[in-house]
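# Understanding the architecture of this molecule
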Amino acid sequence: MKILAFDIGGTEIKYAFCDENFNLTEKKSIPTNAHEGGKRIIERVVEIIKNCDGIDRIGISTAGQVNSIKGEIVYATDSIPGYTGTKIKEIIEAETGIPTAVENDVNSAAIGEAAFGAAKDCDSFICLTYGTGIGGAIYLDNKLFTGNSFSAGEFGHIVTHAGGRSCTCGGCGCYEAYASAGALVRDVAEKTGREMNGREIFENFDDPEIRFVIDSWIDEIVIGLKGLVYIFNPSLIVAGGGIMNEAYITEKINERLQTELMASFRKVKVVKALMGNDANKLGAAYLASKL
Ligand SMILES: [Zn+2]
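Structure report, in brief.

Conventions adopted
- Residues numbered from 1 in each chain as written.
- Predicted model: local features only at pLDDT ≥ 70, side-chain atom pairs only at ≥ 80, totals over all residues.
- Heavy atoms only, no water.
- Helix = DSSP H or I, 4+ residues; strand = E, 2+ residues; numbered from the N terminus.
- Buried < 20%, exposed > 50% of the residue type's maximum accessible area, 1.4 Å probe, protein only.
- Donors = N, O, S within 2.8 Å, 3.2 Å for Na, K, Ca; no water.
- Tetrahedral: all angles 85-135°; square planar, octahedral: opposite > 155°, others 65-115°.
- Contact = heavy atoms within 4.5 Å.
- Phe/Tyr/Trp six-rings, centres within 6.5 Å; stacked < 30°, edge-to-face > 60°.
- Lys NZ or Arg CZ within 6 Å of the ring centre and 35° of its normal.
- Pairing = 2+ DSSP bridges.
- Axes fitted to C-alpha atoms, helices over the stretch in contact; angles between N-to-C directions.
- Expected span 1.5 Å × (residues − 1).
- Polar contact = N/O pair within 3.5 Å; in protein donor to acceptor, adjacent residues only side chain to side chain.

## Regarding unusual backbone geometry
Backbone geometry at Asn 33 places phi at a positive 50°, although glycine is not the residue there. The topology assignment puts Asn 33 in the loop between strand S3 (24–31) and helix H1 (38–50). We note that Phe 150 has phi near 60°; this positive angle belongs to a residue other than glycine. Assessed through its relative accessible area of 19%, Phe 150 is described here as buried.

What follows is the structure in structure tokens.
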């Protein structure tokens, strides 16, 4: 079976072929040009598919909240104008005749990690990605839990600070305003006056001022995770996002959880995601292979 897998994000559309052993080949990307709107994005995806021969299935991982049964966007922010309501599956299948699976990007990543990565052999886990914001996915008893309107797992918008910092969701005090990689970058700039990206921050790990900000940021990560552990009682938490390549973070989180959680919850382990940028495409391809 030959699958064409897409990962539609706010800045890039990445795609690759995927064979029956789930090896990704011929990885490519094009700019999303999000300002052209959701309709145009899907037209360009259709053009790419029509230029490929012998495709049996299409797998699509995309930004936005997705009704994975109908394959349409339930809600997307203005980062992709007019994307809300886009019937991705219907459009692609009508234009190409190829069966198509569509899933939200963090959910796709969770599927990718469950099938091939950090959560292989784990039937229940939660997944969080720490980037500009914080995304989440809930995988219970070998399947995604998607909630009433396909939007479950928005862990970034759990309130951890009543009346705190304002958030992109319109609320304030949200977890992602304190614990995302973006929040770390902002904290370092505010408290040290130095503008650094995540990698540069960790290059200055031995600077006591920087280390203090990093440790305070990890406190914020732990606050949210403790709440989630008490809700889900998972055996595994998969932490994604480039920043998690810094082993210090997961080491410190595990250390904290092992001492601070009620004893019966301490079996939980936090591990970094293993599939990196491929997780979304692999998850989408995996879902497509099951059609
Ligand atoms: Zn929020």
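## What about the coordination of the zinc ion?
Distances from the zinc ion to its protein donors, His 157 (ND1), Cys 167 (SG), Cys 169 (SG) and Cys 174 (SG), fall at 2.0 to 2.3 Å. Classification of the site at the zinc ion rests on its 4 donor atoms, whose angles at the metal span 103 to 124°, yielding the label tetrahedral. Mapped onto the sequence, the residues coordinating the zinc ion show the spacing H-x9-C-x1-C-x4-C. The class of Cys 174 is buried, set by a relative accessible area of 2%.

## Considering the environment of Cys 167
Within the fold, Cys 167 resides in the loop between strand S10 (143–144) and helix H4 (176–179). Judged by relative accessible area, which is 13%, Cys 167 ranks as buried. On a C-alpha basis, the gap between Cys 167 and Val 270 in space is 26 Å, while along the polypeptide they are 103 residues apart. Beyond its immediate chain neighbours, meaning those up to four positions away, Cys 167 contacts His 157, Cys 172, Cys 174 and Glu 176.

## As for the packing of aromatic side chains
Enumeration over the complete set of coordinates arrives at 10 aromatic pairs. Taken together, a centroid distance of 4.6 Å and an interplanar angle of 70° make the contact between Phe 205 and Tyr 248 edge-to-face. In this pair, Phe 205 sits in the loop between helix H6 (198–203) and helix H7 (208–232) while Tyr 248 sits in helix H8 (residues 247–260), placing the two residues 43 residues apart along the sequence. Of the aromatic side chains, those joined through ring pairs into one cluster are Phe 22, Phe 116 and Tyr 286. Taking the ring centre of Phe 17 as reference, the NZ or CZ of Lys 2 above it sits at 4.7 Å.

## Observations concerning the sheet that holds strand S4 (residues 57–62)
Here 5 strands make up an open sheet; going across it, the order is S3-S2-S1-S4-S7 and the pairing mixed. At either end of the open sheet lies a strand with only one pairing partner, and these are S3 and strand S7 (100–104). Going across the sheet, the axis of each strand differs from the next one's by a mean of 15°, ignoring polarity. Relative to S3, strand S2 (residues 12–18) is paired through 6 bridges, and the arrangement is antiparallel. Across the sheet, residue Cys 18 finds its bridge partner in S3, namely Leu 24. The sheet contacts of H1 involve strand S1 (3–8), S2, S3 and S4, and relative to S1 the element is tilted by about 155°. Packed on one face of the sheet, helix H3 (residues 105–116) meets S4 and S7 and runs near 105° to S7.

## Examining H3
The end-to-end C-alpha distance of H3, which contains 12 residues, comes to 16 Å, matching closely the 16 Å that a straight helix rising 1.5 Å per residue would cover. Within H3, 10 of the 12 residues are buried, which leaves the element mostly enclosed by the surrounding structure. Listed in full, the buried residues belonging to H3 are Val 106, Asn 107, Ser 108, Ala 109, Ala 110, Ile 111, Gly 112, Glu 113, Ala 114 and Ala 115. Near the N-terminus of H3, the side chain that reaches the backbone nitrogen of Val 106, with its oxygen 3.0 Å away, is that of Asn 104.

## A few points about the pairing of strand S6 (residues 72–75)
By the bridge criterion, 3 bridges tie strand S5 (residues 65–67) to S6 in an arrangement that is antiparallel. Bridge assignment links Gln 65 to a residue of S6, and that residue is Tyr 75. Between S5 and S6, which pair antiparallel in sequence order, lie 4 residues; one of them, Gly 71, sits at a positive phi of approximately 70°.

## Overview of the sheet that holds strand S11 (residues 236–240)
In space, the 5 strands of this open sheet follow the order S10-S9-S8-S11-S12, with mixed pairing throughout. Strand pairing shows two members of the sheet lacking a second neighbour, S10 and strand S12 (269–272), which therefore form its edges. Judged from the 2 bridges that link them, strand S9 (residues 134–140) and S10 form a sheet pairing that is antiparallel. Paired with Tyr 139 across the strands is Leu 144, a residue of S10. Here H3 sits on the sheet in contact with strand S8 (125–130), S9, S10 and S11, set at roughly 50° to S9.

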